[in-house]
Amino acid sequence: MVRREVVGAHYGLRDWLAQRITAVIMMVYTALIVSALIGVRHWDYWQWKALWQVPVVRYATLLFLVSLLLHAWIGMRNIFMDYIKDPGLRLALYVIVIGALVWYGVWSIQIVWSL
Amino acid sequence: MRFSIYRYNPEADEKPRLQSYDIALEPTDRMLLDALVRIKARDDTLSFRRSCREGVCGSDAMNINGKNGLACVTRIADLKEPVEIRPLPGLPVVRDLIVDMSQFFKQYHSVKPYLVNNEPPPEKERLQSPEDREELDGLYECILCACCSTSCPSFWWNPDKFVGPAGLLQAYRFIADTRDQATNERLDDLEDPYRLFRCHSIMNCVEVCPKGLNPTRAIGKIKDLLVKRTV
């Protein structure tokens, strides 16, 4: 194959925008959940369980998780694009990161829904 | 005054070294370039570029006490001793403080830094309203000294793919020009994970620009236009 630098994949805007939007979602969720945690004086197991029975809390957490995973994916890919020169190695790392993130996602949902 | 200057001749030296110089300065020596010229008078093997000696040509960009800048507009009185002078980081060294700027100019040329207008030229000139002309302030002043691009880690890691702050500032200069008709093509060319989106807005470029320009803001405006075009 010819040794030529090629650029011009024509994407990146959507990821750049998604990283900013997911950051805002995570910020809002974190503020809400922290204020909820501070709001209750003495936590016990039943209160904790009751919190996660509220559908809004579960779905908001799901939204937070999706945002976190997407944000992490874009960030990790950016790091690999910056520092990993070999395209084969970069692709392999992408696959590993996507695999790990999907794994974490499923695992997190399982934890939240089993509470 | 004490100086510690990067010396390297790739043809003769195995590796670069820092050479110390103790120089008695005259009261008329105000800027770092004056001191360098005085050092060169004593040791003419020291190589560096300089031309206009007043911050217009952009030839004498170098790394001064860890920060990129132009020697001709850097006041000696503001420098901490020993003054450590190195070539611009990230570019191949030709000799001492002279770097090979090919990669930098290749990226500059890639943004088509000229007016694209297919209408027949008017008899005198293509006029702009004063308001439209104001859009170019903070963009046209760039002298292409490369202080910004060579202080940008994204340019260090991907100089062959990332346009760099200087090139992107110039790209926006022509996007912002109301006389230019190739805005869409320019945006198409820049919408790329490497060419534009390697910029993570760390603003090293803003900190070092000897002309006080803000490439990060220009890059932000390119991104804004891309968003506006898409949503």
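If you're wondering where the values come from, they're calculated on a predicted model, not measured in any experiment.

Broken down by element type, chain A carries four helices and zero strands. Going from N to C terminus, chain A has its helices and strands arranged as α-α-α-α. Here chain A has a C-alpha radius of gyration of 19 Å; the compact-globule value for 115 residues is 13 Å, and the former is much larger. Dimensions of chain A along its principal axes, counting C-alpha atoms only, are 65 × 25 × 20 Å. A buried classification covers 29% of the 115 residues belonging to chain A. Taking the intrachain contacts of chain A between residues at least 6 apart in sequence as the baseline, contacts between residues at least 24 apart amount to 69%. Carbon together with sulfur atoms contributes 73% to the accessible area of chain A, which is approximately 8200 Å² in total. Across chain A, the mean location of the 10 positive side-chain charges is 4 Å away from that of the 5 negative side-chain charges.

In this section: the packing of aromatic side chains. Remark: the centre distance and the inter-plane angle together describe each pair of aromatic rings, the angle taken between the planes. One pass over the structure, following the stated rule, counts twelve aromatic pairs over all chains. Ring centres 5.7 Å apart and planes at 70 degrees place the aromatic pair W48 of chain A and W52 of chain A in the edge-to-face group. Taken as a pair, W48 of chain A and W52 of chain A lie in helix α2 (residues 45-53) at a separation of four residues, close to a single helical turn. Judged by centre distance (5.5 Å) and plane angle (50 degrees), the ring pair of Y83 of chain A and W157 of chain B falls under tilted. Within this pair, whereas Y83 of chain A is found in helix α3 (residues 55-83), its partner W157 of chain B is found in helix α4 (residues 153-157), the two belonging to separate chains.

What follows is about the sheet that holds strand β4 (residues 67-70) of chain B. All names here are of chain B. The strand order across the open sheet built from five strands is β2-β1-β5-β3-β4, with neighbouring strands paired in mixed fashion. Two strands in the sheet have a free side with no partner beyond their single neighbour: β2 (17-22) and β4. For this sheet the average axis-to-axis angle between neighbouring strands, irrespective of direction, equals 35 degrees. Of the strand pairs in this sheet, strand β3 (residues 61-64) and strand β5 (residues 83-86) are connected by two bridges, and their pairing is antiparallel. What sits directly across from N63, in β5, is R86. Against the sheet, helix α1 (residues 32-42) makes contact with β1 (2-7), β2, β3 and β5, and its axis sits at roughly 70 degrees relative to β1, the strand it touches most.

This paragraph deals with the interface of chain A and chain B. Listed as interface residues are 16 residues of chain A and, on the opposing side, 20 residues of chain B. Summing both sides of the interface, chain A and chain B together bury roughly 1800 Å²; the carbon and sulfur share of this comes to 57%. The three residues of chain A that bury the most area against chain B are L13, W16 and D82 of chain A, which together make up 32% of that side's buried surface. Between R198 of chain B and D82 of chain A there is a salt bridge, with its nearest N and O atoms 2.9 Å apart. If you look at where chain A meets chain B, you find eleven residue pairs in polar contact (both at pLDDT 80 or more). Elements supplying a minimum of two residues to the side of chain A that touches chain B: α1 (13-39) and α3 of chain A. If you tally residues by element for the side of chain A that touches chain B, the top one is α3 of chain A, at four residues.

A word on unusual backbone geometry. Residue and element names in this part refer to chain B. A cis amide bond, omega -10 degrees, links E81 with the succeeding residue P82. Even without glycine at this site, N65 takes up a positive phi of about 45 degrees. Counting through the fold element by element, N65 comes out in the loop between β3 and β4.

This part is about the pairing of β1 of chain B. Residues and elements named next belong to chain B. With five of six residues buried, β1 is to be regarded as a mostly interior element. The pairing of β1 with β2 spans six bridges and is classified as antiparallel. Across the sheet, residue S4 finds its bridge partner in β2, namely S20. As paired strands, β1 and β5 are joined by three bridges and run parallel to one another. Paired with I5 across the strands is I85, a residue of β5.

On to the nonpolar core, then. If you look at the biggest cluster of nonpolar residues, it comprises 67 residues, and the most contacted ones within it are F3, I5, L32, L36, I85 and I222 of chain B. When residues in this core are grouped by element, the largest group, six residues, is from helix α5 (residues 164-175) of chain B. Discounting residues that sit within four places of it in the chain, L36 of chain B has contacts with I5, F48, M62, A71 and I85 of chain B. Core analysis: the next-biggest nonpolar cluster, separate from the first, contains ten residues, W73, M81, I84 and V97 of chain A among them.

Quick notes on the rules
Residues numbered from 1 in each chain as written. Chains lettered and ligands numbered in written order. Predicted model: local features only at pLDDT ≥ 70, side-chain atom pairs only at ≥ 80, totals over all residues. Heavy atoms only, no water. Helix = DSSP H or I, 4+ residues; strand = E, 2+ residues; numbered from the N terminus. Rg over C-alpha atoms; globule rule 2.2 N^0.38 Å. Buried < 20%, exposed > 50% of the residue type's maximum accessible area, 1.4 Å probe, protein only. Contact = heavy atoms within 4.5 Å. Areas by Shrake-Rupley, 256 points an atom, 1.4 Å probe, with all protein chains shown as cover. Lys, Arg positive; Asp, Glu negative; His and termini not counted. Charge placed at Lys NZ, Arg CZ, Asp CG, Glu CD. Phe/Tyr/Trp six-rings, centres within 6.5 Å; stacked < 30°, edge-to-face > 60°. Pairing = 2+ DSSP bridges. Axes fitted to C-alpha atoms, helices over the stretch in contact; angles between N-to-C directions. Buried area = accessible area lost by both parts, 1.4 Å probe. Salt bridge = Lys/Arg side-chain N within 4 Å of Asp/Glu carboxyl O. Polar contact = N/O pair within 3.5 Å; in protein donor to acceptor, adjacent residues only side chain to side chain. Core = buried A, V, L, I, M, F, W, Y, C linked by side-chain atoms within 4.5 Å.

That's the geometry; what it means functionally is another story.
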